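A structural walkthrough
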Amino acid sequence: MVKFYNSLTRQKEEVPFHDNKTIKMYSCGPTVYYYPHIGNFRAYLFMDNIRRVLKYNGYTLDGVMNITDVGHLTSDADEGEDKMLVASKRENKSPWEIAKYYTNIFMNDAKALNIDLPEHIIPATTVIDEMISFVSKLLEKGYAYETSKGIYFDITKFEEYGKLSGMDIREKLAGARIDVDEEKRSPYDFVLWVKAPKEHIMQWQSPWGMGYPGWHIECSVIGDKYLGETIDIHTGGVDHKPVHHENEIAQSNCYYDHQVVKMWMHLEFLQVDGGKMSKSLNNIYTIKDLESRGFSAEDFRYFYFMAHYSKQQNFTFDALEMAKNTLKSIKTLVKEHKDGKCDVDTSAYEQEFLSSINDDLNMPRAIATVLKMLKENRSKKIYQTFLKFNQVLGLSLDEEEIPKEIKLLAQERWQAKKDRDFAKADSLRVKLTELGYQIKDTREGFEISKI
Ligand code: AMP
Ligand code: ZN
């Protein structure tokens, strides 16, 4: 039984909420206006963690993540400038070039971290038509209204506004200052569609003239298009709770007149040296920064497991060094177990590992079990059990480090041998040796290893 903490109901709940073996999951994705940092990647490692744990339990995932390439202003509310346009001016490139460049970097870093990416990764600019019809329906149903600046959501029409973040919206409204925008019915109403001034670069035709979407609408619309009217799990960082996710809930639930997302899961922030990551402190690190200091993306992946996602995690280079060393010794031990001769019963470890990951992703406890198990007498059974656990951990082992082209050559040699074309098999073996790999034939097939 898998139990995760639902931020909406403030309790651990059993997953899933139906008999279906497919879990529909939505994750708020990156705004592609700058280099993603290790704090951002803590959020995607969290997503990876959920996906792998569910798969370990036999579920199939239907996952979606948006790529924000329009509409996210420099504040999460409706103030400031579009982040994409800020980047566009900074780098003297079009917003589309900016989006392409930083999306690529995000995907490459995610691959280096071995993040199990969702089945659908959808840029906001690919669903503009769907956003327009979504907003039109909210207008028709009376949840939204038009001003000279755009289309706004009227939060007083949604009874549950504020439930997720535990704010009493009536109290907040009573004490609120008058919004500078006098056309808005209340200061917390948020924009669904912005009427664009002529000079605005990214704009599209709509029933309300040329314009561009507000930030929040993309997640409701992409969720609706790819997952439909019920979503099992929705993830994001805690910073999204009070504005972005409140707004998303309001839009989606009013669109359908029922609760769309069953479970909300939020990740606490990564701190650096006990404080916030910020440009002024010069402590924003990317995966590349870690690599230039001699760490691998995988060291950071292992570092993620050292704290529970619901707690702030403090990043220091000392802690990363510790992660790196532990990871190294894990790999050495795993290799030793591979040829181990002892007979060890691993069922208690399997149970402990499973109960930890299924108890709201208790990775520090799961890791403790792995380390304890690896200290046992060397045993092939432990090696096999580790491989099973590794479906969740996603660490690279030597076997996995063998490049694809080498595996293909080895496979070709094996086929030649089966076809009794020994000359070809021999020449392929020589070629593999030249490339630094040796082949050992076994009863079941062959093993490749580095020379
Ligand atoms: P953004 O690209 O700014 O939209 O953020 C992408 C994701 O990273 C969001 O889910 C944020 O909540 C998350 N995030 C941003 N900063 C941090 C941090 N320091 N620690 C953990 N998650 C973060
Ligand atoms: Zn979102």
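Remember, it's a predicted structure, so these values are computed and weren't measured experimentally. (Residues numbered from 1 in each chain as written. Chains lettered and ligands numbered in written order. Predicted model: local features only at pLDDT ≥ 70, side-chain atom pairs only at ≥ 80, totals over all residues. Heavy atoms only, no water.)

Overview of the coordination of the zinc ion (ligand 2)
Ligation of the zinc ion (ligand 2) by protein atoms is provided by Cys-28 (SG), Cys-219 (SG) and His-244 (NE2), these donors lying 2.0 to 2.2 Å from the ion. On the primary sequence, the residues serving as donors to the zinc ion (ligand 2) are separated as C-x190-C-x24-H. Pair noted here: Cys-219 is in helix H6 (residues 217-227) and His-244 is in helix H7 (residues 241-256), with a separation of 25 residues, a long-range link. There is no split in this pair, since Cys-219 and His-244 are both buried. (Donors = N, O, S within 2.8 Å, 3.2 Å for Na, K, Ca; no water. Helix = DSSP H or I, 4+ residues; strand = E, 2+ residues; numbered from the N terminus. Buried < 20%, exposed > 50% of the residue type's maximum accessible area, 1.4 Å probe, protein only.)

Quick look at the pattern of salt bridges
This structure, assessed with the given rule, holds 23 salt bridges. Of the charged contacts in the structure, one is a salt bridge between Glu-183 and Lys-149, with a shortest N-O distance of 4.0 Å. Here Glu-183, found in the loop between helix H5 (169-175) and strand E8 (190-195), pairs with Lys-149, found in the loop between strand E6 (144-146) and strand E7 (150-153); they are 34 residues apart in sequence, far enough to count as distant. Judged by its relative accessible area of 36%, Glu-183 is partly exposed. Each of Arg-51, Lys-55, Asp-116 and Glu-119 takes part in a single network of salt bridges with overlapping partners. (Salt bridge = Lys/Arg side-chain N within 4 Å of Asp/Glu carboxyl O.)

Structural notes on the sheet that holds strand E9 (residues 211-213)
The strands making up a sheet associate through backbone hydrogen bonding, with each pair oriented either parallel or antiparallel. One open sheet holds the four strands; their spatial order is E6-E7-E8-E9, and the pairing between them is antiparallel. Each of the sheet's edge strands pairs with one partner strand only, and the pair in question is E6 and E9. Between one strand axis and the next, the sheet turns by 20° as a mean value, whatever way the strands run. Where E8 meets E9, three bridges bridge the pair, whose relative direction is antiparallel. Paired with Val-194 across the two strands is Tyr-212, which belongs to E9. (Pairing = 2+ DSSP bridges. Axes fitted to C-alpha atoms, helices over the stretch in contact; angles between N-to-C directions.)

Thoughts on the packing of helix H11 (residues 347-358) against helix H12 (residues 363-374)
Between H11 and H12, the shortest axis-to-axis distance is 8 Å and the interhelical angle comes to 165°. For the element pair H11 / H12, the angle class is roughly antiparallel. The chirality of how H11 crosses H12 is left-handed. Residues Tyr-349, Glu-352, Phe-353, Ser-355, Ser-356 and Ile-357 of H11 form the contact with H12, whose participating residues are Met-363, Arg-365, Ala-366, Thr-369, Val-370, Lys-372 and Met-373. Broken down by class, the residue content of the contact of H11 with H12 amounts to seven nonpolar, three polar and three charged. (Parallel < 35°, antiparallel > 145°, perpendicular 65-115°, else oblique. Left-handed = near helix turned anticlockwise from the far one by under 90°. Contact = heavy atoms within 4.5 Å. Nonpolar A, V, L, I, M, F, W, Y, C, P; charged D, E, K, R; others polar.)

Remarks on the packing of aromatic side chains
Here the structure, examined in full by the defined rule, presents 28 aromatic pairs. Centre to centre, the rings of Tyr-35 and Tyr-101 are 6.3 Å apart; their planes meet at 80°, and the pair counts as edge-to-face. Linking Tyr-35 in the loop between strand E3 (22-27) and helix H1 (38-56) with Tyr-101 in helix H3 (residues 95-112), this pair joins segments that are 66 residues apart in sequence. Look at Tyr-35 and you get partly exposed, because its relative accessible area is 34%. Here Tyr-101 falls in the partly exposed class, since its relative accessible area comes to 34%. Each ring, one from Tyr-255 and one from Tyr-256, has its centre 5.0 Å from the other, and the planes form 85°; the classification is edge-to-face. (Phe/Tyr/Trp six-rings, centres within 6.5 Å; stacked < 30°, edge-to-face > 60°.)

Looking at the state of the cysteines
The tally for this structure, following the rule as stated, stands at zero disulfides. Here Cys-254 is not cross-linked by a disulfide; its sulfur's nearest cysteine counterpart is in Cys-219, at 17 Å. Judged by relative accessible area, Cys-254 falls into the buried class, the value being 3%. (Disulfide = S-S within 2.5 Å.)

Examining helix H10 (residues 317-338)
The terminal C-alpha atoms of H10, which comprises 22 residues, lie 32 Å apart, in line with the 32 Å expected from a rise of 1.5 Å per residue. Listed as buried for H10 are Phe-317, Ala-319, Leu-320, Ala-323, Leu-327, Ile-330, Leu-333, Val-334 and His-337. For H10, the elements touching its buried residues are helix H8 (287-292), helix H9 (297-305), strand E13 (313-315), H12 and helix H13 (380-393). (Expected span 1.5 Å × (residues − 1).)

Re H9
With nine of nine residues buried, H9 is to be regarded as a mostly interior element. Among the residues of H9, Ala-297, Glu-298, Asp-299, Phe-300, Arg-301, Tyr-302, Phe-303, Tyr-304 and Phe-305 are the ones counted as buried.

A closer look at the site of ligand 1
Residues in contact with ligand 1 amount to 16 residues; listed here are only the nearest, Thr-31, Gly-39, Asn-40, Asp-239 and Leu-270. Interatomic distance of 3.0 Å between a backbone N/O atom of Thr-31 and an oxygen atom of ligand 1. Separating an oxygen atom of ligand 1 from a side-chain N or O atom of Asp-239 is a distance of 2.4 Å. Isolated, ligand 1 exposes 500 Å² of accessible area, and the fraction of that covered by the protein chains is 91%. Here the element with the most residues in the shell around ligand 1 is H1; it accounts for four residues. Partitioning the shell around ligand 1 into residue classes produces seven nonpolar, eight polar and one charged. (Near = heavy atom within 4 Å. Polar contact = N/O pair within 3.5 Å; in protein donor to acceptor, adjacent residues only side chain to side chain. Areas by Shrake-Rupley, 256 points an atom, 1.4 Å probe, with all protein chains shown as cover.)

Side note on the packing of H10 against H12
Angle between the axes and distance between the axes: these two values describe a pair of packed helices. Contact geometry of H10 with H12 gives a least axis separation of 10 Å together with a crossing angle of 45°. In terms of their interaxial angle, H10 and H12 are classed as oblique. At the point where H10 passes H12, the crossing takes the left-handed sense. Residues Thr-326, Ile-330, Leu-333, Val-334 and His-337 of H10 touch H12, and the partners they reach there are Leu-371, Met-373 and Leu-374. Residue classes in the contact of H10 with H12 are distributed as six nonpolar, two polar and no charged.

Observations regarding the pairing of E3
Judged from the six bridges that link them, E3 and strand E4 (residues 60-67) form a sheet pairing that is parallel. What sits directly across from Met-25, in E4, is Gly-63. Regarding the hand of the β-α-β motif, the stretch spanning E3, H1 and E4 is right-handed. (Right-handed = clockwise from strand over helix to strand, strands pointing away.)

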